[in-house]
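# Examination of the molecular architecture
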Amino acid sequence: MAEAEAPNRSPEIRKDRIHNRWVLFSPARSRRPSDFKAKSNPQPNNKTECPFCAGHEHECAPEIFRVPANSTADWKIRVIQNLFPAVSRELDFQNPVSALGDVAVSGFGFHDVVIESPVHSVNMSDLSPSQVGEVMLAFKKRVEQLQNYDNVKYVQVFKNHGASAGASMSHSHSQMIALPIVPPTVSARLDSMREYYKQTGKCSLCVQPNELLIDQSAHFISLVPFAATFAFEIWIIPRDHSSHFHELDNEKANDLGGLLKLMLLKMSLQLNNPPFNLLIHTSPFQVDPSYAPSTHWFLQIAPHLSGVGGFEIATGCHINPVFPEDAAKILRDVRILN
């Protein structure tokens, strides 16, 4: 396990040029960065079977597709409708309705679940690199299907690991929500990245300082971002400039699977298997072509090592107790034994 002594540092406020927000770095002087751990297992996996397990398919909401496509009992991945969806595919999309300045639309959309393995005790980090790659390709296939709906503007892919990170089922799974609107955080990210490109002529993600790098593969790099919102936050970024996640091909999906597995293992070993959110930040389906040089998709892993307090809620400015350079070095030094 990695150990690192960090020099005493003064607090620093850094600008996140991707999301156009500020992060306050306030290192805990009495605590080494390498001492940060999750307090306990994020969600004890004391069940042996659940509705997501093989043989329990009838207990789930309708299936959309499975991998392999022609499998019966021996499936690897299932994509199903969410039994308790946040949005409804049954609703007709309505144009925004304004009343006294407030705007509302119908709750139309798609909310799906990606079951990553038929075995209850298997986590994403237990899968082989090629199996993680197959999960990425299942995401891609479903995103491409949702792209065919004219009223779907944006699809958010996310994974909640651990109860405190929002997971209601301990069986490893991810989710996808397709929306008829572009969320404001997404719009703000695109605008911020375009403004950086206008000022510098460069994509804000294509070039990264070496001290923030954790590891790299043929097609991706992993790093701790310069203004990380969360302690030990990890981003995985395509080396080639690409605006949309669903542009991923089979070779790059397999390559991503290996690097993602490695990052999950490093994080689990160093931080005691913390609760986390895995998020894919991509572009809306219909984006102005002028954004193409500046928009670059990436995958974010956000560990939950502390809660969000009143300051963060009031200001939108998060407090991170670990400087990204320290977190990157610690994660670089974590050795995974085969």
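This one's a predicted model, so the numbers in the text were calculated from it and none came from an experiment.

## So, the UniProt feature "active site" (unreviewed entry) in the protein chain
On the UniProt side, "active site" (unreviewed entry) is annotated at positions that read His173 here. Along the chain, the position of His173 falls in strand β9 (residues 173-179). Among all residues touching His173, those that are not within four sequence positions of it are Phe52, Val113, Val114, Ile115, Glu116 and Lys159.

## As for the packing of helix α1 (residues 129-146) against helix α3 (residues 250-271)
α3 packs onto α1 with a crossing angle of 120° between their chain directions and a minimal axis gap of 7 Å. As summarised for this structure, α1 and α3 are arranged oblique, according to the angle between their axes. For α1 against α3, the interelement crossing comes out right-handed. Listed contacts from α3 to Pro129, Ser130, Val132, Gly133, Met136 and Leu137 of α1 are Asn250, Ala253, Asn254, Leu256, Gly257, Gly258, Leu260 and Lys261. Each residue belonging to the contact of α1 with α3 can be placed in one class, and the counts come to 7 nonpolar, 6 polar and 1 charged.

## A few points about the pairing of β9
Summarising burial for β9: 7 of the 7 residues are buried, a large majority. Along β9, one buried face is formed by His173, Gln175, Ile177 and Leu179 and the opposite face, lined by Ser174, Met176 and Ala178, is buried too. As paired strands, strand β7 (residues 110-115) and β9 are joined by 6 bridges and run antiparallel to one another. Looking across to β9, one finds that His111 is bridged to Ile177. Two strands pair when backbone bridges link them, and strand β8 (residues 154-161) and β9 are joined in this way by 5 bridges, in the antiparallel orientation. The residue of β9 that forms the bridge with Val155 is Ala178.

## Describing the pairing of strand β2 (residues 21-25)
In this structure, strand β1 (residues 12-16) lies alongside β2, joined through 5 bridges in antiparallel fashion. If you follow Ile13 over to β2, its bridge partner there is Leu24. In textbook terms, the turn of a hairpin is the stretch between consecutive antiparallel strands, and for β1 and β2 this stretch comprises 4 residues, one of which, Asn20, has a positive phi near 55°. Relative to strand β15 (residues 318-320), β2 runs parallel, the two being bridged by 3 bridges. Bridging across to β15, Leu24 finds its partner in Ile319.

## A short note on the sheet that holds β7
Taken in spatial order, the 10 strands line up as β3-β4-β7-β9-β8-β13-β14-β12-β11-β10 in an open sheet, and their pairing is antiparallel. In this open sheet, the two strands that pair with only one neighbour each are β3 (63-67) and β10 (213-216). The sheet shows a mean angle of 20° between the axes of neighbouring strands, direction not considered. Where strand β4 (residues 77-81) and β7 come together, 4 bridges link them in antiparallel fashion.

Criteria and cut-off values
Residues numbered from 1 in each chain as written. Predicted model: local features only at pLDDT ≥ 70, side-chain atom pairs only at ≥ 80, totals over all residues. Heavy atoms only, no water. UniProt positions renumbered as here; feature names shortened; annotations may be inferred. Helix = DSSP H or I, 4+ residues; strand = E, 2+ residues; numbered from the N terminus. Contact = heavy atoms within 4.5 Å. Axes fitted to C-alpha atoms, helices over the stretch in contact; angles between N-to-C directions. Parallel < 35°, antiparallel > 145°, perpendicular 65-115°, else oblique. Left-handed = near helix turned anticlockwise from the far one by under 90°. Nonpolar A, V, L, I, M, F, W, Y, C, P; charged D, E, K, R; others polar. Buried < 20%, exposed > 50% of the residue type's maximum accessible area, 1.4 Å probe, protein only. Pairing = 2+ DSSP bridges.

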